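Working through the structure, step by step
Listed here are the chains, written in short residue letters.
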Amino acid sequence: MSTEANDREHAAYDFAHVQEKWLPVWDRIEPFKSGRPDDKRPKKYVLDMFPYPSGDLHMGHAEAYALGDVISRYWVQKGFNVLHPIGWDAFGLPAENAAIKRNEDPRIWTYENIATQKASMRRFACSFDWDRVFNTCDPEYYRWNQWLFLQLYKRGLAYRKDSAVNWCPGCQTVLANEQVVAGLCERCDSAVTKKKLNQWYFKITDYADRLLDDMAQLEGKWPEKVLMMQRNWIGRSMGANVKFAIDGLPEPVTIYTTRPDTLYGATFFVVAADSELAAKLAAGTEVEKEFNEYLEKIKAASDIDRLATDRPKTGVFLGRYAINPVNGEKLPIWASDYVLADYGTGAIMAVPAHDQRDLDFARAMKLPVRVVVETGEEDPNETGIATGGDGVLVNSEALNGLKKEEAITKIIAQLEKDGLGKASRNYRLRDWLVSRQRYWGTPIPIVHCEKCGEVPVEEKDLPLQLPLAEGLDLKPKGTSPLGAATDWVNVACPKCSGPAKRDTDTMDTFVDSSWYFLRYPSSTNHDEPFSRKDIDTWLPVDQYVGGVTHAILHLLYSRFFTKVLNDMGMLDFNEPFTRLLNQGMVLMDGSAMSKSRGNLVRLSDELAHHGVDAIRLSMVFSGPPEDDVDWADVSPSGSVKFLSRAWRLSGDVTSAPGVDFKKGDVSLRKATHKALHDAAFAVESFRFNVAVARVMELVNATRKAIDSGCGAADPAVREATEAIAIMLSLVAPFTAEEMWERLGHAPAVALAGWPEVDPALLVADAVEAVIQINGKIKERIEVSPTITDAEIEALALAHPTIVAELAGSTPKKVIARAPKLVNIVA
RNA sequence: GCGGGAGUGGUGAAAUGGCAGACACGCAGGUCUUAGGAACCUGUGUCUUCGGACGUGCGGGUUCAAGUCCCGCCUCCCGCACCA
């Protein structure tokens with residue numbers, strides 16, 4: 001062999017060259033095109049959460065897409081027709097803020113970034129089906145947002161109301177409850193305040209029970225954490241509504257309580273200070289001035305102030321009394337901000353002995369405390385600690401002697417009989433506020449006519465296009481910038497043709513992402529958002545991959561939309577995502593990467609230094625996918641080393657393609673088949689790091705076989721190396737493709753198919769069994785894997801070491817677990 | 001406060017109740033080399049009187065056998081946060 005050829009043979013693996021070489025080939029072959037008409041393979045829908053186009057891809061994207069790719073490519077190798085689409089969640093504030101800064105249309109920034117990200121994804125070898133791409137800011141997409149809005153409107157699920165809403169002074173727009181995190185705007189971290197506004201809502205609360213109960217289907221398939229967060233977010237509680245007569249009011253006031261058993265312990269009554277009821281009760285009385293002052297004070301407080309739970313209780317006595325329906329007692333009525341206006345009825349009965357908040361208030365205002373449940377704990381009067389647990393009812397007439405649950409059942413029955421109350425449930429979940437006072441979103445397809453009121457835009461007139469930004473002032477000022485587009489705003493009423501104005505708000509961008517997964521299979525359909533045929537072919541999503549940041553917002557809204565569409569007869573399933581995997585975050589030196597913290601690692605730099613495959617491999621191998629990866633702990637150069645070791649094997653194989661593997665070295669063949677079996681199992685159980693470890697073991701075994709075993713010409717070496725290329729194609733597609741070519745095959749290795757595992761080769765020749773005495777290992781013996789319990793027990797007892805250890809004494813008990821272990825209890 | 005999750009070598013991590021530390025990183029030594037930031041090989045939990053002993057946050061328990069199951073703590077992370 002010439003020196004030159006020798007050099008080429010042993011040249012270091014050149015990842016940059018290999019990347020450039022294969023990308024155009026894959027563009028031509030399109031290995032991941034799904035849904036070809038003649039495709040007979042069973043379907044699988046693998047979905048990555050679509051990105052927001054804010055600049056180029058970062059390390060977090062790299063991890064998420066590497067993981068989604070392992071799953072998607074695995075199912076392709078396993079013979080499935082896999083739909084693995086991508087698109088862009090392209091409406092939203094960052095584009096608008098960038099547009100203001102650059103004084104140009106948000107479209108420019110958005111579409112530029114999409115192009116950048118798309119190019120990066122291609123280079124990153126994402127196995128996407130590029131034929132189905134769409135962006136939510138395309139009129140062809142958002143017209144269906146508008147269409148869906150109209151369907152919800154028709155069904156009474158989209159409505160307007162006046163309400164005190166979350167207001168972000170930074171973004172100058174309203175926010176959904178779900179977008180307020182610890183009292184701060186999730187986007188800009190401004191302290192959120194309240195503002196009274198008339199806004200559009202989706203009636204997600206109608207679906208609260210189904211959103212909760214259908215989670216039974218997701219048990220074991222979604223992370224337990226996400227299910228728990230959703231349950232808590234929906235926050236269903238069981239209790240009773242009870243009517244209290246109010247002196248001086250013709251109508252009784254209803255309260256909600258989860259503890260109707262403690263009715264006899266009520267010593268006062270509280271209404272939310274910011275409720276209409278409070279204002280009504282205070283109106284025209286001598287405390288009105290004091291009440292108004294109090295109301296002003298609490299309105300000025302932001303959510304963040306309200307969050308301090310140990311804040312002293314405050315309130316105003318309204319000078320009126322409520323009548324306890326069970327014993328006729330007069331309870332003083334207070335207004336306080338510790339009662340929420342928008343939960344239950346905004347009014348409560350206070351039972352200080354058994355509710356900590358009520359007790360805190362009672363102690364602050366010197367109100368009486370009466371114990372009605374004997375729990376065995378110390379008197380709340382003395383300790384200041386309310387006793388909320390179970391116990392025996394006292395001071396409660398007919399309920400005396402009953403336990404909590406019995407008393408609840410009995411009192412509810414009594415209240416229902418007397419027409420004073422009834423069993424009831426409440427939810428923490430509120431309706432979804434969808435209006436936004438910003439430009440870069442889907443226009444709400446409603447026209448406001450002086451004569452006809454609210455009039456929906458006709459479906460045939462969709463899409464209602466967003467006017468161009470030119471000439472509009474996009475700076476946030478509390479009202480939608482669309483209001484200034486007078487040509488656009490002023491229209492003829494669709495009903496009476498009289499002068500009317502368009503609704504100038506845009507939709508929350510979470511509307512866009514609530515149904516996008518339904519659009520991919522029909523992404524070029526111009527007549528409907530999605531076709532029934534496509535839905536029946538592809539949906540529901542078999543595997544969803546994305547960050548846990550969307551545990552509530554996006555996933556809850558998507559589940560809601562799915563149920564609405566199910567009710568509309570457009571789908572026949574009621575949960576959109578069968579399985580969910582939440583990948584962890586990529587950290588640097590223990591914390592999230594950020595420019596200001598100075599620990600930002602640029603994906604493009606990492607790719608340039610180590611190559612795409614090594615970065616993908618490092619992400620996947622670093623640990624379990626749901627754990628965070630600290631980039632300081634991973635070794636991309638270790639990945640490069642491993643990939644080049646694997647790659648070198650493909651140059652060492654000397655047998656021809658198609659050689660009969662059955663004639664190969666049995667021990668290497670066993671290693672190969674075990675690796676194929678174990679790696680498949682690991683991938684299916686999301687232990688991708690373990691799957692990689694199994695491939696590494698096989699690489700080591702093959703290296704050894706070539707250097708000091710059966711030799712490079714043995715068919716088993718080819719079998720092993722081909723298996724390595726196929727398994728590696730999930731994680732390191734460039735290296736795998738290059739290996740595949742060097743092994744004499746045509747591309748694409750991604751479609752080679754997962755080799756069938758021969759069960760006969762999964763049985764080891766001999767296994768090591770341990771012999772324990774009292775659980776301590778005393779000896780190791782080689783046994784056949786098919787040995788019986790009796791045989792292995794006999795071998796163990798006859799072993800010289802054991803005989804000596806036992807010194808003639810008879811074992812009390814012998815446990816044999818062939819072929820692994822014998823434990824002798826002496 | 002309520003709810004959830006997690007604590008295993010120097011590091012990232014493995015382990016259907018059955019040999020704790022697979023696979024790597026790092027480190028140390030070696031082979032081959034003009035050279036090594038290449039390749040390959042060996043070693044690497046702790047202690048040790050070299051026989052072994054100990055070892056999965058702490059304390060109990062169940063079991064022939066516990067990182068794994070149960071009970072009680074401690075610590076950390078995440079979510080919710082006056083939801084009556």
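Residues numbered from 1 in each chain as written. Chains lettered and ligands numbered in written order. Predicted model: local features only at pLDDT ≥ 70, side-chain atom pairs only at ≥ 80, totals over all residues. Heavy atoms only, no water.

1. Quick look at helix α25 (residues 715–728)
Two residues of an α-helix separated by three or four positions point the same way, owing to the 3.6 residues in each turn. Note the following rule: Secondary structure elements follow DSSP: runs of H or I of four or more residues count as helices, runs of E of two or more count as strands, with numbering from the N terminus. Take the residue count of a helix, subtract one, and multiply by 1.5 Å to get its expected span. When accessible area is computed with a 1.4 Å probe and restricted to protein chains, residues below 20% of their type maximum are described as buried, those above 50% as exposed, and intermediate ones as partly exposed. Counting of polar contacts relies on pairs of N or O atoms within 3.5 Å, with two restrictions inside protein: one atom must be capable of donating a hydrogen and the other of accepting it, and residues adjacent in sequence are counted only when both atoms are side-chain atoms.
With 14 residues, α25 should cover 20 Å at 1.5 Å per step; its first-to-last C-alpha distance of 20 Å lies within 8% of that length. Counting buried positions along α25 gives 14 out of 14 residues, so the element sits mostly inside the fold. The opening residue of α25 is D714, an N-cap whose side-chain oxygen sits 2.8 Å from the backbone nitrogen of A716.

2. Concerning the pairing of strand β20 (residues 453–456)
Spelled out, the test is: Criterion used throughout: strands pair if DSSP finds at least two bridges between them.
As judged from the four bridges shared by strand β19 (residues 446–449) and β20, these two strands associate in the antiparallel manner. Bridging from a neighbouring strand, H448 pairs with E454 of β20. In this antiparallel pair of consecutive strands, β19 and β20, the connection spans three residues.

3. Some words on unusual backbone geometry
Note that the residue after L462, namely P463, is joined by a cis bond; omega there is 0°. One can find P463 in the loop between β20 and α15 (486–489). In the segment running from P747 into A748, the intervening peptide bond is cis, with an omega of 10°. With respect to the element layout, A748 can be found in the loop between α26 (733–742) and β29 (767–773).

4. What to know about the sheet that holds strand β17 (residues 432–433)
Across the sheet, which stays open at both edges, the four strands sit in the order β4-β3-β7-β17 with antiparallel pairing between neighbours. In this open sheet, the two edge strands, each paired with only one partner strand, are β4 (173–175) and β17. In this sheet, β17 lies alongside strand β7 (residues 193–202) in antiparallel orientation, the contact comprising two bridges. Bridging across to β17, Y201 finds its partner in L433.

5. Considering the pattern of salt bridges
Put simply, the rule reads: Note on definitions: salt bridges are taken to be side-chain nitrogens of Lys or Arg within 4 Å of carboxyl oxygens of Asp or Glu.
According to the stated counting rule, one finds 45 salt bridges in the structure shown. Here D69 makes a salt bridge to R73, at a shortest N to O gap of 2.8 Å. Of this pair, D69 and R73 are both found in helix α3 (residues 59–77), four residues apart, which corresponds to roughly one turn of the helix. Judged by relative accessible area, R73 falls into the buried class, the value being 4%. Its salt-bridge partner being D261, residue R259 comes within 3.0 Å of it at the nearest N-O pair. Among the residues examined, R259 registers a relative accessible area of 12% and is labelled buried. Classification of D261 by relative accessible area gives buried; the value is 0%.

6. Observations concerning the packing of helix α8 (residues 224–234) against helix α19 (residues 553–567)
Each pair of packed helices gets described by two things: the angle between the helix axes and the distance between those axes. Our working definition: Only the stretch in contact is used when a helix axis is fitted, and all axes are lines through C-alpha atoms; the angle between N-to-C directions ranges over 0 to 180 degrees. An angle below 35 degrees is treated as roughly parallel, one above 145 as roughly antiparallel, one from 65 to 115 as roughly perpendicular, and anything else as oblique. Here a residue-residue contact requires only that any non-hydrogen atoms of the pair lie within 4.5 Å. The residue classification treats Ala, Val, Leu, Ile, Met, Phe, Trp, Tyr, Cys and Pro as nonpolar and Asp, Glu, Lys and Arg as charged. All others, Gly included, are polar.
Relative to each other, α8 and α19 sit at 75°, their axes nearing to 11 Å. In terms of their interaxial angle, α8 and α19 are classed as roughly perpendicular. When α8 is examined against α19, the residues V226, Q230, W233 and I234 are found in contact with a partner set consisting of L555, L556 and R559. When grouped by side-chain class, the residues that make up the contact of α8 with α19 number five nonpolar, one polar and one charged.

7. Comments concerning the protein's contact with RNA strand B
Cut-off, in case you're wondering: When at least one non-hydrogen atom of a residue lies within 4 Å of a molecule or strand, that residue is treated as near it.
Taken together, 50 residues sit near RNA strand B, with T258, R311, R357, R645 and R780 positioned nearest. Sugar plus phosphate, as a fraction of atoms of RNA strand B within 4 Å of the protein: 64%. One of the side-chain nitrogen or oxygen atoms of R428 is found 3.1 Å away from a sugar or linking oxygen of RNA strand B. Counting only elements with at least two residues in the surface near RNA strand B, the list comes to α8, β9 (253–257), α22 (636–652), α24 (688–708), β29, β30 (776–783), β31 (813–817) and β32 (821–825). At seven residues, α24 tops the list of elements feeding residues into the surface near RNA strand B.

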